[in-house]
Each structure stands twice: as C-alpha cells, then as structure tokens.
Amino acid sequence: MPLKIAIAGGGVGGMAAAIALQIQGHNVTIFEQARAFGRIGADVNLTPNAVHALDGLGIGDRLRATAARPEFRISRTWDSGEETSRLPMSAAAEEKYGAPQLTIHRADLLAALESALLPDTLQFGARVAGVSQTDNGATLSFVDGSAGDYDLVIGADGIHSVIRHALYGADDPQFTGLVSYRGVFARDVAPDLPNLDSFTKWWGPTSDLQIVTFPLNRGEEVFVFATTGQKDWTEEGWTLPGDIDELREIYRDFHPEARALLNACTEVTRSALHVRAPMPRWSEGRVVLLGDAAHPMVPFMAQGACMASEDAVVLGCALEGVETEGLPAALERFAESRIPRTTRVQEGSLANDWLKKGGNADWVYGYDAWGALKYEVV
C-alpha cells in the first residue's frame, strides 16, 4: 500500500528522495519555504558516485545537457604551481565508476530534479514550523497554523533544519573560522590559462587558503572558489557581497596562474562555513533526516550535494515494499547504512587533505547507492 510522505525542504536531497519514492508508487509532497527557485548559487560538483545515483532516477540526460565534464581532478602547489596529483575523470571515470564527474549550476540541477517529479509534488511558500508523532503517524505543522498528517516525514531542510531541532533539540552549527568566496567568469576572458576544462585545487601554505576552479555551463564559464580565515562571523546573513580586491590581496603571493583566476573575476560573494558534529542517529519513529539536516559538511571534498543524492537513493531502497508498521525499522536500517560513510566524509572534508598528494578516490567515487543495502563498498 502506498505511503503518504511529506518532505520538508525542496533542495537536492528532498527532490531526489521524492523521485526515488514516487518511482515506488508512494504519495509524496515536498514543502519548500522559498516562493520559487531562482538562478542563485553557481557551484555544484557532482562526482561519479552522485551522478550514478541520479542517473538511476532518470535525470542523467537532463544533467548532461547543461553540465560540464571536467577532464581531470588536479592538485597544485600554491607557489610553485607543481602538480601533486592528476586524476583522470570524464570518460576515464565513466569507465571506472560507471558515471562521469559533472559540474553544473545549482539552478540547472534543481530544474532537472523538478522535471522528474509528478505534478503538484512541490509546494512552494510552505514554511515548516515543527513535527510531532504518535505510533500511527506524524504531523507536520506550518508557520501559518496549518498542519497535515502523514505516514512518514522526511527532514531535508538543510543545516538549520526545523525537523532536526524538533527531534533532537537545539544544536547551533559551529563556525569553522573560514569564509568562502565564490565567483564566475566567462571562459573567453582568460583563454590562455591552462586546465580550465578540469577541476583544479590550489593548496595554500596553510589550510585556510585554497583556490578551486572547475568549468560550468558546458565549459562556457569557469567557477572560482577560495577561502580565507576569519575569527568570527557577525554579519547578518550567510551569503553577502565580497570584496574582490581584498581577496586578490590575500592571495598576492600565489602562483601567477592562480592569481590570474582571481583577476578574471569581477565580483564575488562570501559565505561563512559552518559544521555540526556527526550524529549517532537520524531517525525517531516515523521521522527521518537526510542531507545537510543530518550531516552538514564543509565543501573541501565537494560532497555535500553528492551525499544528499546518495541518501535519497538509499532511503528509497530502504522503503521498498515497506508497510506502515515497518517504517521505524526501515528508517533505522537506512541510517545505519549511511552514518559511517557520511561521518567519514564529514571528517575528511574538515581535515582538508584528501587527494592533496594523490591517494585513493575509489572509496568516494566508487560507491553504489543503489546497491548499498546489499553490500558494503570498501
């Protein structure tokens, strides 16, 4: 019998979970607080593990129509420019892992996901206030005073998750002491720079300094990400305009090719980077968390959206054929499968040394979300 499911949050994890569950015939509604999706944000790096997961949801062609396919994943030293690792991607990754790496504008990723939803699945302008439950179901409440009853509620509502707060109490995210800057420039602005068709990370002299670049929009644009240290974050808002000249000054001693990337940007935004400690549980009764609501992480392994995509697929598999009375056990099985992996990625991202001088990418890129409940990929 189909389950009646509510998902709080219409981001990558929420929509991917809805698709996975609708494929099984469940009745799913997504409640998204935004009034519409705008073309905001610029940077989603879908590594092969995520592309493989999303391909199984039927949106692979739509993703490839707008994305770029980086040729390599490169590490370079901040001052000398020396390459310390070069991992073949694109066709090589497709052959090895079953899917390529795709870099895509966040708006295009959301549009691809939305296109696979059944009509009226996504409800905009619906701000969730909390969740409560009994042995027979869960009630999702909204700030306008309305409420709805469901067999299952999924919290995919990000690092400030209302659902997480309702389950486990207040737990403010911790500021990492790092601020990220993001910018985009047209490829023809700097046509002579090497490696614009690859994912390249410039490792700084200290862990708070790094520049990452990769192609966007079929390679027509280049995305630039950089970080700096900051003692605290007191500004109102999490994403604000940045000072490109100030950023260039911070990186004045980097290799000329790295500085040229910042010189090509005319403007940047800045955001504080926050984290939470890994959680021992993600579910209680008929309520479960996924994505950033369960495991927010810094972007240094480029796995935030990837882990959410994996979560969605594994959750869908965990609920296959499950009746209402079996929901609590199925949700615990899902979380037990996912927590060791996402904890390892959270911790690896915070350490910020993955693939700096080579190393094993297979444990990340080779993960098969569709088979995760059948076997464990080491």
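Below is a short write-up of the structure. (Residues numbered from 1 in each chain as written. Predicted model: local features only at pLDDT ≥ 70, side-chain atom pairs only at ≥ 80, totals over all residues. Heavy atoms only, no water.)

## Details of the overall build of the protein
- The number of helices and strands found in the protein is eleven helices and 19 strands.
- Against the globule reference of 21 Å for 378 residues, the protein gives a C-alpha radius of gyration of 20 Å, in line with a compact fold.
- Seen through its principal axes, the protein has C-alpha atoms that stretch 65 × 45 × 35 Å.
- A buried classification covers 55% of the 378 residues belonging to the protein.
- Partitioning the intrachain contacts of the protein with sequence separation of at least 6 by distance along the chain shows that 73% fall at a separation of at least 24.
- Per element, the accessible surface of the protein, about 16,000 Å² overall, is 48% carbon and sulfur.
- Taking the average location of the 32 positive side-chain charges in the protein and that of its 50 negative ones, the two points are 3 Å from each other. (Helix = DSSP H or I, 4+ residues; strand = E, 2+ residues; numbered from the N terminus. Rg over C-alpha atoms; globule rule 2.2 N^0.38 Å. Buried < 20%, exposed > 50% of the residue type's maximum accessible area, 1.4 Å probe, protein only. Contact = heavy atoms within 4.5 Å. Areas by Shrake-Rupley, 256 points an atom, 1.4 Å probe, with all protein chains shown as cover. Lys, Arg positive; Asp, Glu negative; His and termini not counted. Charge placed at Lys NZ, Arg CZ, Asp CG, Glu CD.)

## A short note on the sheet that holds strand 13 (residues 199-203)
- An order of 5-4-13-14-15-12-17-16 is seen for the eight strands of this open sheet, with the pairing classed as mixed. Unpaired on one side and paired on the other, strand 5 (83-88) and strand 16 (239-242) mark the two borders of the sheet. Across the sheet, the mean angle separating the axes of adjacent strands is 20° when strand polarity is ignored.
- For strand 12 (residues 174-186) and strand 15 (residues 221-229), the ladder comprises nine bridges, and the chain directions are antiparallel. Looking at strand 15, one finds that Tyr 181 is bridged to Ala 226.
- Seen against the sheet, helix 8 (residues 256-264) touches strand 4 (72-77), strand 12, strand 13, strand 14 (210-216) and strand 15 and runs at an angle of roughly 60° to strand 14. (Pairing = 2+ DSSP bridges. Axes fitted to C-alpha atoms, helices over the stretch in contact; angles between N-to-C directions.)

## Re the packing of aromatic side chains
- A full pass over the atoms with the stated rule returns eleven aromatic pairs.
- Considering the side-chain rings of Phe 31 and Tyr 150, the 6.2 Å spacing of their centres and the 70° angle between planes classify their relative orientation as edge-to-face. Highlighted residues: Phe 31 in strand 2 (residues 27-32) and Tyr 150 in strand 10 (residues 147-150), separated in sequence by 119 residues.
- Given the relative accessible area of 11%, Phe 31 is considered buried.
- Classification of Tyr 150 as buried rests on a relative accessible area of 11%.
- With centroids separated by 5.7 Å and ring planes inclined at 10°, the aromatic side chains of Phe 199 and Phe 214 adopt a geometry described as stacked. Residue Phe 199 is found in strand 13, and its partner Phe 214 is found in strand 14; the two are separated by 15 residues along the sequence.
- Judged by its relative accessible area of 6%, Phe 199 falls in the buried class.
- Using a relative accessible area of 4% as the deciding quantity, one classes Phe 214 as buried.
- Ring pairing ties together the aromatic residues Tyr 97, Trp 354, Trp 363 and Tyr 365, which thus form one cluster. (Phe/Tyr/Trp six-rings, centres within 6.5 Å; stacked < 30°, edge-to-face > 60°.)

## Let's talk about the side chain of Ser 180
- When you line up the elements, Ser 180 lands in strand 12.
- Engagement of the side chain of Ser 180 in a polar contact is seen with the side chain of Arg 182, the distance being 2.7 Å.
- Sequence-distant contacts of Ser 180, defined by excluding residues within four places in its chain, comprise Phe 225, Ala 226, Thr 227, Thr 269, Arg 270, Ser 271 and Leu 273. (Polar contact = N/O pair within 3.5 Å; in protein donor to acceptor, adjacent residues only side chain to side chain.)

## As for the pairing of strand 9 (residues 137-142)
- For strand 8 (residues 128-134) and strand 9, the ladder comprises six bridges, and the chain directions are antiparallel. Within strand 9, the position partnered with Ser 132 by the bridge is Thr 139.
- As consecutive antiparallel partners, strand 8 and strand 9 are separated by two residues.
- The pairing of strand 9 with strand 10 spans four bridges and is classified as antiparallel. Each residue of the ladder has a partner; that of Leu 140, found in strand 10, is Gly 148.
- Hairpin remark: strand 9 followed by strand 10, antiparallel, with four residues in the connecting loop; positive phi at Gly 145, about 95°.

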